[in-house]
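A structural walkthrough
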Amino acid sequence: MGGTESSISEPGSPSSNRESETSRQNLSECKVWRNPLNLFRGAEYRRYTWVTGKEPLTYYDMNLSAQDHQTFFTCDTDFLRPSDTVMQKAWRERNPPARIKAAYQALELNNDCATAYVLLAEEEATTIVDAERLFKQALKAGETIYRRSQQCQHQSPQHEAQLRRDTNVLVYIKRRLAMCARKLGRIREAVKIMRDLMKEFPPLTMLNIHENLLESLLELQAYADVQAVLAKYDDISLPKSAAICYTAALLKTRTVSDKFSPETASRRGLSTAEINAVEAIHRAVEFNPHVPKYLLEMKSLILPPEHILKRGDSEAIAYAFFHLQHWKRIEGALNLLQCTWEGTFRMIPYPLEKGHLFYPYPSCTETADRELLPTFHHVSVYPKKELPFFIHFTAGLCSSTAMIALLTHQFPEIMSVFAKAVSMISRTCVEYL
């Protein structure tokens, strides 16, 4: 899975094996995260394929999802329930029709099999309305199973494993129901579900439900609530993300963007609020330098993958896909971003060796992003720092002078004739003018 598609070596050659090993090592150094706002396969990804004929998900991305499903939705005691045994095989199945068929078989064995409804909602439903209907059936079944597991959790380690699995299933269902409500315009309902989830299951912070909450609160323009969420999760001890950094920058930009003018700022200098906004933008760009080109529509967006690489192009796509509208809604926010974001690269001349507010930018992101993003997308790489024209000119002048001196030392007579010819041509041109 780590091998690059553009490799031209023979499959069995030593060079091919070395390249594959290097690629796998790079991927292992870059941790891939589940996209908190990933789309629905049947209702969104598949509809895109119907319209364009292109596959938005890579095999590597879908394989990671299959591993997630097996981790979240299965446990060692699945053999005790025939329907769970069928679903355990369904999550391992590569063929979508075979997975859907297995889900129906599980429902025939047990009409209250929550994971079967989950699979059908994700992959068979062709609209968000249909997906929500199936998730509501899954919620009814999942709550029943969860209460039963709670009562038996202390009987044995197997029962504890069942409770963990049933908790994962219930949280997943509620989160997807919140996302359905958000997509169908019932934003306050979605916010309530997310808040209740975060309150009821605080240990599950690794699922990044707060990023779903941030996006919904921005849609409501509840900026005070957004700031409250950031105050809790934009902490030095917690892992950062593009959603955290760029939302913090957006809130600080919002206070000054409507009156910001580059000409005025160059004359009088930046105010304290403007300096804070610019520093927040620089912080966000240092964390993920690929986002601004998508927000400024310098690069075209595609559907976000199901997994993202933090600080990579995949995370930038996932963030901009959902948050571009929030930047457009605030007057002048994109203008301030356009005027200031490139200043980050002057602050960090060697980003791969030394960072400013974060660790140095990882060198393996391009390899991992190529595995996560479809081949028709041009993967964004870390912007190269361009040298000023004066340095190029000076280097060229010194090189040409050194070459002339070397030739003059080696071939003095020939260079003498050449110099006389050049001087005669120059004099002729001057006299002509």
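The name that an unreviewed UniProt entry assigns to the chain is Suppressor of tumorigenicity 7 protein-like, with the source organism given as Mustela putorius furo. The annotation that UniProt attaches to the chain under Subcellular location (unreviewed entry) is "Membrane".

Here we look at the environment of Leu109
Its location among the elements puts Leu109 in helix H5 (residues 96-109). Taking the relative accessible area as the measure of exposure, Leu109 reaches 53% and is therefore exposed. Sequence-wise, Leu109 and Arg81 are 28 residues apart; in three dimensions their C-alpha atoms are separated by 9.2 Å. Non-local contacts of Leu109, meaning those with residues more than four positions away in its chain, are made with Pro82, Ser83 and Val86.

What about the packing of aromatic side chains?
Counted by the stated rule, this structure contains seven aromatic pairs. Relative to Tyr319, the ring of Tyr246 has its centre 5.4 Å away and its plane inclined at 40°; by these criteria the two rings are tilted. Linking Tyr246 in helix H12 (residues 242-254) with Tyr319 in helix H16 (residues 313-329), this pair joins segments that are 73 residues apart in sequence. When sorted by exposure, Tyr246 lands in the same class as Tyr319, which is buried. What links up through ring pairs into an aromatic cluster is the set Phe72, Phe73, Trp91 and Tyr172.

Details of unusual backbone geometry
The residue Gln221 is not glycine, and still its phi comes out positive at about 60°. Relative to the helices and strands, Gln221 resides in the loop between helix H10 (209-219) and helix H11 (223-233). For Gln221, a relative accessible area of 43% puts it in the partly exposed group. Phi is positive for Glu297, close to 60°, though the residue is something other than glycine.

Some details on H11
Within the span of H11, buried status applies to Tyr223, Val226, Val229, Leu230 and Tyr233. Projected onto a plane normal to the axis of H11, the buried residues spread over an arc of 115° and lie on a single side. H11 presents Ala224, Ala231 and Lys232 as exposed residues on the side facing more than 90 degrees away from its buried surface. Looking at the buried positions of H11, the neighbouring elements they touch are helix H9 (187-200), H10, H12 and H16.

Observations regarding helix H14 (residues 272-287)
For H14, with 16 residues, the first-to-last C-alpha span of 23 Å sits near the 22 Å given by 1.5 Å per residue. Listing the buried residues of H14 in full gives Glu274, Ala277, Val278, Ala280, Ile281, His282, Arg283, Ala284, Val285, Glu286 and Phe287.

Quick look at the pattern of salt bridges
Scanning all chains against the criterion turns up 20 salt bridges. One salt bridge connects Arg165 with Asp84, and the closest N-O pair in it is separated by 3.6 Å. Highlighted residues: Arg165 in helix H8 (residues 157-183) and Asp84 in helix H4 (residues 82-92), separated in sequence by 81 residues. The pair Arg165 / Asp84 is uniform in exposure class, with both members buried. Ionic pairing is found between Asp166 and Arg165, a salt bridge with its closest N-O pair at 2.8 Å. Neither residue differs from the other here; Asp166 and Arg165 are each classed as buried. Each of Arg41, Arg99, Glu123 and Glu306 takes part in a single network of salt bridges with overlapping partners.

Side note on the environment of Ile173
Mapped onto the elements, Ile173 comes out in helix H8. Judged by its relative accessible area of 0%, Ile173 falls in the buried class. Each C-alpha atom of the pair Ile173 and Phe135 lies 6.3 Å from the other, and the pair is 38 residues apart in sequence. Residues in contact with Ile173, not counting those within four places in the same chain, are Ala114, Val118, Phe135, Ala138 and Leu139.

The rules behind the values
- Residues numbered from 1 in each chain as written.
- Predicted model: local features only at pLDDT ≥ 70, side-chain atom pairs only at ≥ 80, totals over all residues.
- Heavy atoms only, no water.
- UniProt positions renumbered as here; feature names shortened; annotations may be inferred.
- Helix = DSSP H or I, 4+ residues; strand = E, 2+ residues; numbered from the N terminus.
- Buried < 20%, exposed > 50% of the residue type's maximum accessible area, 1.4 Å probe, protein only.
- Contact = heavy atoms within 4.5 Å.
- Phe/Tyr/Trp six-rings, centres within 6.5 Å; stacked < 30°, edge-to-face > 60°.
- Arc of directions from axis to C-beta.
- Expected span 1.5 Å × (residues − 1).
- Salt bridge = Lys/Arg side-chain N within 4 Å of Asp/Glu carboxyl O.

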